[in-house]
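Here is what each chain is made of, one letter per residue.
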Amino acid sequence: QVQLVESGGGLVQPGGSLRLSCAASGSIFRVNIMGWYRQAPGKQRELVASITGGGNTNYADSVKGRFTISRDNAKNTMSLQMNSLKPEDTAVYYCNVFLVTVPGSGWMNYWGQGTQVTVSS
């Protein structure tokens, strides 16, 4: 069993900051790509940012320069620092991880339960 636990969501004013965290635990042999997705009401889930085990990052154009993704490979944790938040950043944010649970098995994809981020004055 693998669990992804997210934390750090909440209500913030436009221009403010939040930091999201995701911790993967359980039967984990190796973690590959970790990422954050978000889904706003009435919209499809979209990739916000991702990071490989080697530290290569990828960001949606809408968050470049404002959000920073990072990870701690030793602890299987990931964070998303969100600065200069805008009302259009309001969404449920999901942690997503590709990992191997048992040596020799294939990559499995796991999702966190989601954490609400609301940007409003």
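Keep in mind that what you see is a predicted model, and the values were worked out from it rather than measured.

1. Notes on the state of the cysteines
The full count for this structure, using the stated rule, is one disulfide. Paired through a disulfide, Cys22 and Cys95 show a sulfur-sulfur distance of 1.9 Å. Linking Cys22 and Cys95, the disulfide has an S-S dihedral of approximately -65 degrees and is accordingly described as left-handed. Here Cys22 is found in strand E3 (residues 18-26), whereas its partner Cys95 is found in strand E9 (residues 91-100), with 73 residues between them in sequence. Note on accessibility: Cys22 and Cys95 belong to one class, buried.

2. A look at the pairing of strand E5 (residues 46-51)
Relative to E5, strand E4 (residues 30-39) runs antiparallel, the two being bridged by five bridges. Among the inter-strand pairings, Trp36 is bridged to a residue of E5, identified as Ala49. Between E4 and E5, which follow one another and run antiparallel, lie six residues, and Gly42 among them has a positive phi close to 80 degrees. Bridge count for E5 against strand E6 (residues 57-59) is three bridges, and the pairing is antiparallel. Residue pairing across strands places Ala49 opposite Tyr59, the latter belonging to E6. Between E5 and E6, which pair antiparallel one after the other, the connecting turn spans five residues, and Gly55 there sits at a positive phi close to 95 degrees.

3. Description of the environment of Ser70
Considering the arrangement of structural elements, one finds Ser70 in strand E7 (residues 67-72). Assessed through its relative accessible area of 29%, Ser70 is described here as partly exposed. In contact with Ser70, other than residues within four places in its own chain, are Arg19, Ile51, Thr77, Met78 and Ser79.

4. Observations regarding the nonpolar core
Formed by 30 residues in total, the largest nonpolar core has its most connected members in Trp36, Leu80, Met82 and Tyr93. Contributing elements (two or more residues each) for this core: strand E1 (2-7), E3, E4, E5, E7, strand E8 (77-82), E9 and strand E11 (115-119). Ranked by residue count, the leading element in this core is E9, at five residues. Every residue in contact with Leu80, bar those within four places of it in the chain, is listed here: Leu18, Arg19, Leu20, Trp36, Val48, Ala49, Phe67, Thr68, Ile69 and Tyr93.

5. A look at the sheet that holds E8
Taking strand neighbours across the sheet as the criterion, the four strands line up as E1-E3-E8-E7 in an open arrangement whose pairing is antiparallel. The sheet terminates laterally at E1 and E7, the two strands that pair on one side only. Direction aside, the axes of adjacent strands within the sheet are offset by 15 degrees on average. Alignment of E1 against E3, held across six bridges, turns out to be antiparallel. Directly across from Val2, in E3, lies its bridge partner Gly26.

6. Points about the side chain of Arg66
Note that Arg66 resides in the loop between E6 and E7. Owing to a relative accessible area of 10%, Arg66 belongs among the buried residues under this scheme. A distance of 2.8 Å separates the side chain of Arg66 from the backbone oxygen of Ser62, its partner in a polar contact. Setting aside its immediate chain neighbours within four residues, Arg66 contacts Gln81, Met82, Asn83, Ser84, Leu85, Lys86 and Asp89.

Thresholds, definitions, all that
- Residues numbered from 1 in each chain as written.
- Predicted model: local features only at pLDDT ≥ 70, side-chain atom pairs only at ≥ 80, totals over all residues.
- Heavy atoms only, no water.
- Disulfide = S-S within 2.5 Å.
- Helix = DSSP H or I, 4+ residues; strand = E, 2+ residues; numbered from the N terminus.
- Buried < 20%, exposed > 50% of the residue type's maximum accessible area, 1.4 Å probe, protein only.
- Pairing = 2+ DSSP bridges.
- Contact = heavy atoms within 4.5 Å.
- Core = buried A, V, L, I, M, F, W, Y, C linked by side-chain atoms within 4.5 Å.
- Axes fitted to C-alpha atoms, helices over the stretch in contact; angles between N-to-C directions.
- Polar contact = N/O pair within 3.5 Å; in protein donor to acceptor, adjacent residues only side chain to side chain.

By themselves, these figures tell us nothing about what the structure is for.
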